[in-house]
Structure formats: structure tokens, C-alpha cells
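Take a look at the letters that make up each chain.
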Amino acid sequence: LHDALPIYQVQTRALEKLIRQKLLESAAKKKGESTDAFLAEEVDRTLAQPTDAEVLAYYLAQPERNRQPFPQMKDQLRETLHKAQIQYAHDAYLDRLRSQAEVVILLDPHREKVTYDAARLKGNSNAPVVIVEFADFQCPFCRREEGVLKNVLAEYGTQVALAYRDFPVSQLHPLAEQAAEASRCAAEQGNYWQMYELLMAGQLDTPSLKQYAHELKLDEKQFDSCLAGGKYKASIERDRQDAERLGITATPTFFINGIAIVGAEPQESLSRVIEQELARQAATPSL
């Protein structure tokens, strides 16, 4: 089984890549365009050039790579950041095409063994279905998916729980890692999910993080010390390393009882897997 697992992963990822390519070619053909021209029209033209503030944040987030003063590197960094944003947008667009396509893959779902932190679990700790989310507080797709997750938890009640794990994509979202640290600092005072909701909805600069601590009536001195001291950098890095070992390349990525769902999916997509899992467990005789 251990020898077969990497082969299965390679095959399924190659198959998904092929499906996305075929869907892209089909969509482009309907408009009589090449795939490059189609993506340029559908995706690239909607992306604005990074602002000076975004480029500066990108520069400051990578001090070890930036050996020259910011003014000398600004144009080069703007181009690099824009290319990264285009690639990220292309991947998200292909994810949407895939989620809308009625493509049936006749393979049993592969399950990953995914751990989570009980301190960052929302809902029934004995729920038969656990969704483990790897996400990034600055990721717009993760933020968009928040409403979907709230609806799922409300619909299924004690049958479904949600666990959150950090996967800050610092190259694109330079404020995400400190936001993750703020969530851990709030957890020290029993306010993890309250801070999580504020982070997913609001600004993520340092003054905003401190304002959220004030709104939640946290011990602000303890919170500020925790945030300034980088107390949780190592544990956030462990989450990131686990994500990379699982092959995660995009946020959000969900594991529903170990079954991977990539991207900001509609509620129907998550519910379909949840219903299958509930039905599977109901049909399995208890020992």
C-alpha cells in the first residue's frame, strides 16, 4: 500500500491536470481563440497592476532576497508580483472550470491522513465528518469561502466540525503570516474563532490586529507581547510544512475526512462529499 500511494497521487494529479487542460481548450474553442488568448481575455485583463503599496509590502516580506534599495528594485518586483498574481488567477479560473464540469472519475476517493489541532476546532469534537481547512487570512478566495463554511456548519449541526490550519502564502500575501500569529495569540485567551472571523473579514495591518484585540476585550499587553515576540512562528511553519507534504499548492484546500477539495468551492460541492461520508458511515456496521 505504501508503494502504491505515490503512484496513485501522480496518476490522479496528472488526470486532473489533463481534465483542466481539456476544459480550457473546449472553452477557448467555443470563442475561436487559442488558450493563451482566451485566458488573456477572461482573466488577465481583469487584473490591475500591483500598487506601489503592494510592491513595497512584497519587498519588505522578503528581506533576505532583496539586496538593493527598494526604488532600484520597484519595477522588477512589480513585474514579478504581477506574474505571480496572473498565475494564481489562472489556477483559480481552471479550478472554477473544473468545479462546473460534469466530469465523472471512476476512482475511489483517496484519503489523506490529516491531523489538526483540537484547540482550533469549531463544532462537535466527536462529529462524524471533520473538515480540515488549510488557508491564508489574506487570500481573497479563502475569505469568499467563509460564507460557504458558515452555511455548511449551520446546515449539518453536530454532524460536521471545522478545523483550521495555517498556510500563509507569503509571496502573494505578505500580511498573512502575522495575521496567523494574531489568531494564535488570541487563542491563548480563549478567543481563537472570534479573532478568526475578524481576520477573515477585515484589514490585516498591525494597528488593525491590535484593534481587534481591543474589540475582543483581550489582555492587550499580553496580546501585543505575544505578537511582537513571534511566539508562534515555529508552529505556523509546522502547519505550512504539513501542507507542503500533503501536496497543497493553493488556498483554500479542504480535507473532508481526508478527501481533498481544492479551491473556493460552492456549498453544493462540499455538501456532496459530506453526504457521501454520512451515508458511508451509516452503512458501515459498528463493531
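Up top is the structure these notes are about.
Residues numbered from 1 in each chain as written. Predicted model: local features only at pLDDT ≥ 70, side-chain atom pairs only at ≥ 80, totals over all residues. Heavy atoms only, no water.

## A look at the pairing of strand β3 (residues 160–166)
Stated precisely, the cut-off is as follows: Note on classification: 1.4 Å probe, protein chains only; a residue is buried when its accessible area is under 20% of the maximum for its type, exposed when over 50%, partly exposed between these limits. Put simply, DSSP marks the helices as runs of H or I at least four residues long and the strands as runs of E at least two long, and each gets a number from the N terminus on. Strand pairing follows a simple DSSP-based rule, namely that at least 2 bridges must link the two strands.
With 7 of 7 residues buried, β3 is to be regarded as a mostly interior element. By the alternation rule, side chains of β3 split into Val160, Leu162, Tyr164 and Asp166 and Ala161, Ala163 and Arg165, which are all buried. Where strand β1 (residues 121–122) lies against β3, 2 bridges are found, and the strand directions are antiparallel. Counted as the bridge partner of lysine 122 is leucine 162 from β3. Pairing analysis gives 7 bridges linking strand β2 (residues 129–135) to β3, with the strands arranged parallel.

## What to know about the packing of aromatic side chains
For clarity, the cut-off: Aromatic rings from Phe, Tyr and Trp, taking only the six-membered ring of Trp, are treated as a pair when their centres fall within 6.5 Å; an angle between ring planes under 30 degrees marks them as stacked, one over 60 as edge-to-face, and anything in between as tilted.
Considering all chains together, one arrives at 10 aromatic pairs under this definition. Aromatic pair tyrosine 164 and tyrosine 196: ring centres 5.1 Å apart, planes at 75 degrees, arrangement edge-to-face. With tyrosine 164 in strand β3 and tyrosine 196 in helix α7 (residues 192–201), this pair connects stretches of sequence that are 32 residues apart. The residues tyrosine 164 and tyrosine 196 share a single accessibility class, namely buried. Clustering of aromatic rings is evident, with ring pairs tying together Phe137, Tyr164, Tyr192, Trp193 and Tyr196.

## What to know about the environment of alanine 179
The line we're drawing: Contacts are assigned to residue pairs with any non-hydrogen atoms lying within 4.5 Å of each other.
Along the chain, alanine 179 falls in helix α6 (residues 176–187). Classification of alanine 179 by relative accessible area gives buried; the value is 0%. The sequence separation of alanine 179 and tyrosine 196 amounts to 17 residues, and the corresponding C-alpha distance is 9.0 Å. Not counting residues up to four positions away in its chain, the partners in contact with alanine 179 are Phe137, Leu199, Leu204 and Leu209.

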